[in-house]
Amino acid sequence: MHFTIQREALLKPLQLVAGVVERRQTLPVLSNVLLVVEGQQLSLTGTDLEVELVGRVTLEEPAEPGEITVPARKLMDICKSLPNDVLIDIKLDEQKLTVKAGRSRFTLSTLPANDFPSVEEGPGSLNFSMAQSKLRRLIERTSFAMAQQDVRYYLNGMLLEVQTGLLRAVATDGHRLAMCAMEAGIEQTERHQVIVPRKGILELARLLTDQDGTVNIVLGQHHVRATTGEFTFTSKLVDGKFPDYERVLPRGGDKLVVGDRQALREAFSRTAILSNEKYRGIRLHLASGLLKIQANNPEQEEAEEEVAVDYNGASLEIGFNVSYLLDVLGVMGTEQVRLVMSDSNSSALLQEADNDESAYVVMPMRL
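Conventions adopted
- The numbering scheme is per chain: residues are counted from 1 as the chain's sequence reads.
- Restriction of local features to residues with pLDDT of at least 70 applies here, the model being predicted, together with a cutoff of 80 or more for giving and counting side-chain atom pairs; totals for whole chains, interfaces and linings are based on all residues.
- As a convention, hydrogens and water are excluded, and side-chain values are obtained from all of the structure's heavy atoms.
- UniProt positions are given in the numbering used here, feature names are shortened, and annotations may be inferred rather than shown by experiment.
- The pocket and cavity definitions rest on a 1 Å grid over protein atoms only: a 1.4 Å probe that fits but cannot leave marks a cavity, an open set with protein on both sides within 12 Å along at least five of seven lines marks a pocket, and residues lining either have an atom within 4 Å of a point.
- Grid points are joined across faces, edges and corners, and a volume is the space filled by probe spheres set on the points.
- Each helix is a run of H or I in the DSSP string that is no shorter than four residues. Each strand is a run of E no shorter than two, and both are numbered from the N terminus.
- Ten residue types, Ala, Val, Leu, Ile, Met, Phe, Trp, Tyr, Cys and Pro, are classed as nonpolar, four, Asp, Glu, Lys and Arg, as charged, and the remainder, Gly among them, as polar.
- Throughout this description, the term nonpolar core refers to a set of buried Ala, Val, Leu, Ile, Met, Phe, Trp, Tyr and Cys residues connected via side-chain atoms within 4.5 Å.
- The cut-offs for exposure are 20% and 50% of the maximum accessible area for each residue type, with area from a 1.4 Å probe on protein chains only; residues under the lower value are buried, those over the upper are exposed, and the others partly exposed.
- Pairs of residues are marked as contacts when any of their non-hydrogen atoms sit within 4.5 Å.
- Paired strands, as defined in this entry, are two strands with at least two bridges between them according to DSSP.

- The protein appears in an unreviewed UniProt entry as Beta sliding clamp from Zestomonas insulae.
- Per UniProt, the protein carries the Subunit (unreviewed entry) text "Forms a ring-shaped head-to-tail homodimer around DNA."
- Turning to the protein, the UniProt annotation filed under Sequence similarities (unreviewed entry) states: "Belongs to the beta sliding clamp family."

Next comes the structure, spelled out in structure tokens:
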């Protein structure tokens, strides 16, 4: 195996692939990246057995084919430390990989490509394409609500649900729920649901950088695969039953508040400074045309804000974790938001004022 490549052309896919590779590995080969040269194409593969990422680069110069695995972190650090426009020459010589650039020369240890685990190709049950920007927006609007290390392991990920012409993402950690739906070219009559683990979702979002590009998605029995011109990403699915999100959506709320998103966000942020650091609770007092926000903490400090809102119903007092409200307001895109509530013990529904593509549910707190 022998090829030459510009530093930038190698560094970009290498950084993406190395992001998947875990530093602390039980199998030594898992901290390596698999390099394969076929014809004029170099592919780089990294995996942690849950998520696999393959980056592809077209080589400008003729190359000798071959395959080998080398330490991902070290190869990336070498590339990063080289000057910008340098040409890198990479050659496999008796199970050592030599990397030459200008007057620099490095020799890296290798492990055979046969040792590298590959994610088995299951039969793909469903195949569709959509704009990368749409899928990225879908993930950005909902991923903050995924649980982190919940014993209910199916919450440590995101539900992707497809039905005719629609892709919906739902995430919840038991205290709040985020869902967003986008039109997609899907010809699927009955609902199909998969749960993608947290790491897979976050890695996938990092890869969707091409505003105008499309991404092709295959939902299999045990894996989800996303392919663009530059990479192929595969993640295992979480085996479990996601909660019925439709039952969580509050119905029949009679108190509709419409307010300026930025004004609310700033008022919540300021009030949060004096909330209890552990529980982050704030009180909302809703009256005609006005929302009063209050916080206090064990040190007897208090904050109070008043925001003018469009509301003309009965008064209501309700407590929330302010971090949950700020997360929602942070991912919304419109100037106005609407908040629907019924009483102090029921969840609130937050949406953008002029569309229903996303919906957020936040449970109240007893203060």
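Moving on, there is more to tell.
## Concerning the layout of surface pockets
- Quantified by volume, the largest pocket comes out at close to 200 Å³.
- Looking at the lining of the largest pocket element by element, the count peaks at 4 residues for strand S13 (residues 192-197).
- When the residues that make up the lining of the largest pocket are grouped by side-chain class, the tally is 4 nonpolar, 6 polar and 1 charged.

## Regarding empty space enclosed by the protein
- Tallied over the full model, the rule gives 2 cavities of 30 Å³ or more.
- If you add up the space inside the largest cavity, you get close to 110 Å³.
- If you trace the largest cavity, you find 14 residues lining it, with Leu 264, Phe 268, Val 337, Leu 339 and Leu 350 closest to the centre.
- Listed by contribution, the elements that provide at least two residues to the lining of the largest cavity are strand S17 (255-260), helix H6 (261-272), helix H7 (322-331) and strand S22 (336-341).

## Considering the nonpolar core
- If you look at the biggest cluster of nonpolar residues, it comprises 100 residues, and the most contacted ones within it are Ile 88, Leu 135, Leu 167 and Phe 268.
- Excluding its chain neighbours within four sequence positions, the residues that come into contact with Ile 88 are Phe 3, Thr 4, Ile 5, Arg 7, Leu 10, Cys 79, Leu 82, Val 99, Lys 100 and Ala 101.
- The next biggest cluster of nonpolar side chains, apart from the first, holds 15 residues, and it includes Ala 147, Leu 155, Met 179 and Val 361.

## Considering the pairing of strand S10 (residues 157-163)
- The element S10 is extensively covered by neighbouring structure, given that 6 of its 7 residues are classed as buried.
- Bridge count for S10 against S13 is 6 bridges, and the pairing is antiparallel. Within S13, the position partnered with Val 162 by the bridge is His 192.
- Pairing between S10 and strand S11 (residues 166-172): 5 bridges, direction antiparallel. Paired with Glu 161 across the strands is Arg 168, a residue of S11.

## Some thoughts on the environment of Thr 58
- Mapped onto the elements of the fold, Thr 58 is located in strand S4 (residues 51-58).
- Along the sequence, Thr 58 and Gln 41 sit 17 residues apart, while their C-alpha atoms lie 4.6 Å from each other.

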